[in-house]
Amino acid sequence: MYREMQPTVVIHLAAKVGGIEANRENPGTFFFANMAMGLHLIEHALHAALKKFVQVGTICAYPKFTPVPFREDDLWQGYPEETNAPTESPKRPLSHAPGYRQQYGLNGIYLLPVNLFDRRQLRS
């Protein structure tokens, strides 16, 4: 992809997912696939001299018992909910884009878009 398309920006949204039952039955498969995919993409981004690499995670990367409202620092305060962990745990190491920035100058970020729904609206 990098060689043929020569992108300047990559937004990595892909993941191997399957839902609760599939995650329970295949945690190693999901962990390996997602870790390998992310590591290869960021490493090749470095060699392709991208202007920007964006690794996108999900809110499921946050620990199971994260207080609401979430804070960015809460991401590291525990393990994700067990049925999401095989998909989300591999993305957490990729949040170390600052290491690639510091050593190699790669402009990369780990983005966790959140939903803006306020559950208090349900009370009306």
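Residues numbered from 1 in each chain as written. Predicted model: local features only at pLDDT ≥ 70, side-chain atom pairs only at ≥ 80, totals over all residues. Heavy atoms only, no water.

Draft legend 1. Spotlight on the overall build of the protein chain. Broken down by element type, the protein chain carries five helices and three strands. The helix and strand sequence of the protein chain, counted from the amino end, reads α-β-α-α-β-α-α-β. The 124 residues of the protein chain split such that 35% are buried. Contacts in the protein chain between residues far apart in sequence, at least 24 positions, make up 61% of those at least 6 positions apart. By element, 57% of the accessible surface of the protein chain is carried by carbon and sulfur atoms, the whole surface being about 8,400 Å². (Helix = DSSP H or I, 4+ residues; strand = E, 2+ residues; numbered from the N terminus. Buried < 20%, exposed > 50% of the residue type's maximum accessible area, 1.4 Å probe, protein only. Contact = heavy atoms within 4.5 Å. Areas by Shrake-Rupley, 256 points an atom, 1.4 Å probe, with all protein chains shown as cover.)

Draft legend 2. The arrangement of the packing of aromatic side chains in detail. A full pass over the atoms with the stated rule returns one aromatic pair. Ring geometry for Tyr 100 and Tyr 104: centres 5.4 Å apart, planes at 55°, overall tilted. On the criterion of helical spacing, the pair formed by Tyr 100 and Tyr 104 is a turn pair, its members being four residues apart in helix 5 (residues 97-104). Residue classification places Tyr 104 among the partly exposed residues on the basis of a relative accessible area of 44%. (Phe/Tyr/Trp six-rings, centres within 6.5 Å; stacked < 30°, edge-to-face > 60°.)

Draft legend 3. Molecular detail of the nonpolar core. Counting nine residues, the largest nonpolar core consists of Tyr 2, Val 10, Leu 41, Ile 42, Ala 45, Leu 46, Leu 50, Phe 53 and Leu 106. Membership of the second largest hydrophobic core comes to five residues, among which are Ala 61, Tyr 62, Leu 75 and Tyr 110. (Core = buried A, V, L, I, M, F, W, Y, C linked by side-chain atoms within 4.5 Å.)

Draft legend 4. Focus on unusual backbone geometry. In this structure, Gln 6 takes a positive phi of about 50° despite not being glycine. Considering the arrangement of structural elements, one finds Gln 6 in the loop between helix 1 (2-5) and strand 1 (9-12). Unlike most non-glycine residues, Ala 49 shows phi in positive territory, near 55°. Structurally, Ala 49 is set in the loop between helix 3 (27-47) and strand 2 (52-56). Using a relative accessible area of 61% as the deciding quantity, one classes Ala 49 as exposed.

Draft legend 5. How the structure looks around the environment of Met 37. Mapped onto the elements of the fold, Met 37 is located in helix 3. Met 37 sits in the partly exposed class, given a relative accessible area of 25%. Contact partners of Met 37, with chain neighbours within four places excluded, come to His 12, Ala 14, Ala 15 and Lys 16.

Draft legend 6. Up close: the sheet that holds strand 2. Across the sheet, which stays open at both edges, the three strands sit in the order 1-2-3 with parallel pairing between neighbours. Each edge of the open sheet is held by one strand with a lone partner, namely strand 1 and strand 3 (108-111). Each adjacent strand pair in this sheet contributes to an overall mean axis angle of 15°, direction not counted. Across four bridges, strand 2 lies against strand 3 in parallel orientation. The residue of strand 3 that forms the bridge with Phe 53 is Gly 108. (Pairing = 2+ DSSP bridges. Axes fitted to C-alpha atoms, helices over the stretch in contact; angles between N-to-C directions.)

Draft legend 7. Main features of helix 3. With 21 residues, helix 3 ought to run about 30 Å at 1.5 Å a step, and its terminal C-alpha atoms sit 30 Å apart, in line with that. All buried positions along helix 3 are accounted for by Phe 30, Asn 34, Met 35, Ala 36, Gly 38, Leu 41, Ile 42, Ala 45 and Leu 46. Those residues of helix 3 hidden inside the fold are in contact with helix 1, strand 1, helix 2 (20-25), strand 2, helix 4 (85-88) and helix 5. Following helix 3 by one or two positions, Ala 49 adopts a phi angle in the positive range, close to 55°. (Expected span 1.5 Å × (residues − 1).)

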